[in-house]
Structures are given as structure tokens and as C-alpha cells.
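Breakdown of the fold
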Amino acid sequence: MFLSVVAPCFNEEEGLKEFYQRVVKAVKATHATFYEIILVDDGSKDRTWDVICSLQRQDSNVRGFKLSRNFGHQSALTAGLLSARGDYIFIIDSDLQDPPELLTPMLERMCDGFDVVYGQRKNRAGETYFKKASAHLFYRFLSLLADINIPKDTGDFRLMNRKVLMAYQSLNESHRFTRGLIAWLGFKQTALPYDRHARFAGTTKYPLMKMINFSLDAVTGFSLKPLRLIILVGVVTSFVALLALAYTLYGWVFSKNIPGWTSLMTVILLLSCVQLICVGVVGEYVGRTFTETKRRPLYFIQDSMDATADSQGDKLETLTMAANHPNIHNELQ
């Protein structure tokens, strides 16, 4: 068995060595014949890349890639997934909130015929009440809107086989919501409930604005219902406008006067707000369509630490994949 571990890293120098040690221990517990640990530095501002280089010099199974800037968690994850060569691919964040020790239970579930085993959070330690409440509402809101079944309370923490990875590698979207894309692929998937731990070190890399943008990627990438809701809003407001017109005509015919300006201005402001919101929703979809049509690569690799890249065969394989896939390693030389 060839096992690939893929972990995006952003400013994780404090906990990266501990993460490596626990991952190696978890991998060796599976008795995998071969393994690789792919660490993708997503433009860190600290010494994360130096730590990755140090780990690679100690262990040739470590493969490190440094992106030219911070392209975002999903792009860094994609960079790692497009590099993975294993029969099984274990996706995990490097902050140790998701325990690497669950690799063995996930592999056991895979033996039951599943193609994907994803971690489903029961409890979330070390997170604020706001973060827990907003995440809870987000997944339920997404479940109502999405055109596919995206499991609730799940992240990218999962194990999948080569068949699913190859299907994922064929996708060319710019705005990535990996957990949704893997759900969209289908195949046999099952959940493994677990308790999420607090961060081992450092602070969260998902502040409020990143969470909002991530939520927009999820909704606009997997649902057209917001656009359909705009039509419903238009129908309802039109009906309300007709009632207001009837009331105004009634007042003009029978009382020879029209009610005051307060109610009129209220209606105008209300309809103006509804129109602006509707235009904003449409604009969000148009803007993302515009981004997709430009077909820019998801990332650029500035540097790499990869012992396998010394062989001509691996270089040829990388060049072939680059020719066949617009998002595969666009390296800056």
C-alpha cells in the first residue's frame, strides 16, 4: 500500500514538528509499504518553510512545496492533491485539530468497500461560541441551498482512494470548496464521528472575512437557489406593490387625499434595499463566472523539497501532467 498524507501549512512553524511526529507514528501504525507526507507552504510569513526543509532533510518521505504567495487554503490543498501519488490519500490540516491517529480507523472503514471516509465533528474544543454557532448555522444553511448532499459538520479531514483522487484532479474550478467537490463526485462515502481538538499552537487562520468568502464559494459553487429566490422576492414585492397601489387609489377616490410621505418613503427605501441585495447576488455569480473564464492557474510553486524529483522519470511525469492539466505545478524557475 502506498499512502499519501496531504497537509496545507500557513504560519505553522510552532507546531509543525509535532504534527510531523504524530503523522509518522500514525502512518507506521498502518504498516503501509510506502508513504509520503506532502507539506504545502501557502506563503507563510514565519519559518514554516525552513521547518519543512529541515524535515525533508531528515526524512526523504517528506515532500515540501512552497507557493509563491498566499493563495488560500483550498488552493494549497489542491497543490498537494495534484502531487499525491498514493493508493490512499489522507487529507489533514497541520494545526493538529484533527487527530492523525484516526488514520487507522478510516482505513478500516475503507476495507468495508467505501471510497471516501470523512471526519464528522461531534465536538469542537478550543473554539469560541461565535465560531461554533456560525459553523453550525452555515452547514445547515448550505444543506438547504445546495443541489447536492454535502455532509454537515465536516471539513476537509478525510481519507480517499486513488479513484476518487483522479476524478478530483480532472476538475478545473478556480473557486474551490473541496469538501463540496468530493461530495459532488459521488462514489461510496461514509462518516467517521470524532471530537475535534484545540489547536496545538498558534491562532486560527480563518478570520471572519475569510470565513465569509469561503461561505460564498460554497453557496455559489453548489447552488442556483439564491438566483431563484430573487425571482420569488420579485413576485412577492410585486404583489405588495399592487396592494399599495389599490390602497392609494382607494384613498384618492373616497377621501380625496393620499396618506403622508412617511409610508411612501418607507416603501421606496424597502424596495430599493431589496433591489440592491438582488443585484448584489446576481453580481456575485457574474463575478465568479468572470473569474472562471480567465482560467488563471490556482497557484504557482516557488520552491520545492522533493527527493523524488531528481529522477528524469519523475520530471517527465510532472511535465506531462502540466501539459494535460491547467492547474498542475506552474513552477517559477
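Residues numbered from 1 in each chain as written. Predicted model: local features only at pLDDT ≥ 70, side-chain atom pairs only at ≥ 80, totals over all residues. Heavy atoms only, no water.

What to know about the nonpolar core
- Residues Phe19, Ile37, Leu39, Phe90 and Leu159 are the most contacted members of the largest nonpolar core, which totals 34 residues.
- Secondary structure elements with two or more residues in this core: strand 1 (2–9), helix 1 (16–29), strand 2 (34–41), helix 2 (48–58), helix 4 (103–110), strand 6 (154–161) and strand 7 (189–196).
- When residues of this core are assigned to their parent elements, the largest contribution, six residues, is made by helix 1.
- Excluding residues within four positions of it along the chain, Leu39 makes contact with Ala7, Cys9, Phe19, Ile52, Leu55, Val62, Arg63, Gly64 and Phe65.
- Core analysis: the next-biggest nonpolar cluster, separate from the first, contains 27 residues, Ala76, Ala84, Tyr168 and Leu181 among them. (Core = buried A, V, L, I, M, F, W, Y, C linked by side-chain atoms within 4.5 Å. Buried < 20%, exposed > 50% of the residue type's maximum accessible area, 1.4 Å probe, protein only. Helix = DSSP H or I, 4+ residues; strand = E, 2+ residues; numbered from the N terminus. Contact = heavy atoms within 4.5 Å.)

Concerning helix 4
- Buried residues of helix 4: Leu103, Met106, Leu107 and Met110, and no others. Each buried residue of helix 4 lies within a common arc of 100° when the element is viewed along its axis, so the set occupies one face. (Arc of directions from axis to C-beta.)

Topic: unusual backbone geometry
- Non-glycine residue Asn11 carries a positive phi angle of around 55°.
- Backbone geometry places His31, a non-glycine residue, at a positive phi of 60°.
- Along the chain, His31 falls in the loop between helix 1 and strand 2.

Examining the packing of aromatic side chains
- Here the structure, examined in full by the defined rule, presents three aromatic pairs.
- Judged by centre distance (5.3 Å) and plane angle (65°), the rings of Phe157 and Tyr194 are edge-to-face. Here Phe157 is found in strand 6, whereas its partner Tyr194 is found in strand 7, with 37 residues between them in sequence. No difference in accessibility class separates Phe157 from Tyr194, as the two residues are buried.
- Following the ring pairs from residue to residue traces out a cluster consisting of Phe90, Phe157 and Tyr194.
- A cation over an aromatic ring shows up here: Arg69 above the ring of Phe71, its NZ or CZ 3.9 Å from the ring centre.
- When the ring centre of Phe114 is taken as reference, the NZ or CZ atom of Lys188 above it lies at 5.4 Å. (Phe/Tyr/Trp six-rings, centres within 6.5 Å; stacked < 30°, edge-to-face > 60°. Lys NZ or Arg CZ within 6 Å of the ring centre and 35° of its normal.)

As for the pairing of strand 2
- In terms of burial, strand 2 is largely enclosed, as seven of its eight residues are buried.
- Where strand 1 and strand 2 come together, eight bridges link them in parallel fashion. Along strand 2, the bridge assignment pairs Ala7 with Leu39.
- Remark: the strand 1/helix 1/strand 2 crossover connection has right-handed handedness.
- In this structure, strand 2 lies alongside strand 3 (residues 62–67), joined through five bridges in parallel fashion. (Pairing = 2+ DSSP bridges. Right-handed = clockwise from strand over helix to strand, strands pointing away.)

Examining the pattern of salt bridges
- Scanning all chains against the criterion turns up nine salt bridges.
- Of the charged contacts in the structure, one is a salt bridge between Asp98 and Arg196, with a shortest N-O distance of 3.0 Å. On the criterion of sequence distance, the pair formed by Asp98 in the loop between strand 4 (88–91) and helix 4 and Arg196 in strand 7 is long-range, its members being 98 residues apart.
- Asp98 gets classed as buried once you look at its relative accessible area, which sits at 2%.
- Residue classification places Arg196 among the buried positions, given a relative accessible area of 7%.
- Residues Lys163 and Asp115 are paired through a salt bridge, measuring 3.4 Å at the closest nitrogen-oxygen approach. Note that Lys163 is positioned in helix 6 (residues 162–169) and Asp115 in the loop between helix 4 and strand 5 (116–124), a separation of 48 residues in sequence.
- Relative accessible area serves as the criterion here: at 47%, Lys163 is assigned to the partly exposed category.
- What you see here is one network of salt bridges that share partners, running through Glu13, Arg47 and Asp50. (Salt bridge = Lys/Arg side-chain N within 4 Å of Asp/Glu carboxyl O.)

Side note on a nonpolar patch on the surface
- Nonpolar side chains collect at one region of the surface, where Leu229, Leu232, Val236, Phe239, Val240 and Leu243 lie side by side and expose about 570 Å² of accessible area between them.
- Since its relative accessible area comes to 48%, Val240 is described here as partly exposed. (Patch = residues over 30% accessible without salt bridge, like charges linked within 9 Å, V, L, I, M, F, W, Y side chains within 5 Å. Areas by Shrake-Rupley, 256 points an atom, 1.4 Å probe, with all protein chains shown as cover.)

Comments concerning the packing of helix 3 (residues 73–83) against helix 6
- Running from N to C, helix 3 and helix 6 point in directions that differ by 120°, and their axes come no closer than 10 Å. Taken together, the axes of helix 3 and helix 6 lie oblique to each other. The way helix 3 lies across helix 6 gives a crossing that is left-handed. Residues Thr78, Leu81 and Leu82 of helix 3 lie in contact with helix 6, whose contacting residues are Leu165, Tyr168 and Gln169.
- Residues that form the contact of helix 3 with helix 6 fall into these classes: four nonpolar, two polar and no charged. (Axes fitted to C-alpha atoms, helices over the stretch in contact; angles between N-to-C directions. Parallel < 35°, antiparallel > 145°, perpendicular 65-115°, else oblique. Left-handed = near helix turned anticlockwise from the far one by under 90°. Nonpolar A, V, L, I, M, F, W, Y, C, P; charged D, E, K, R; others polar.)

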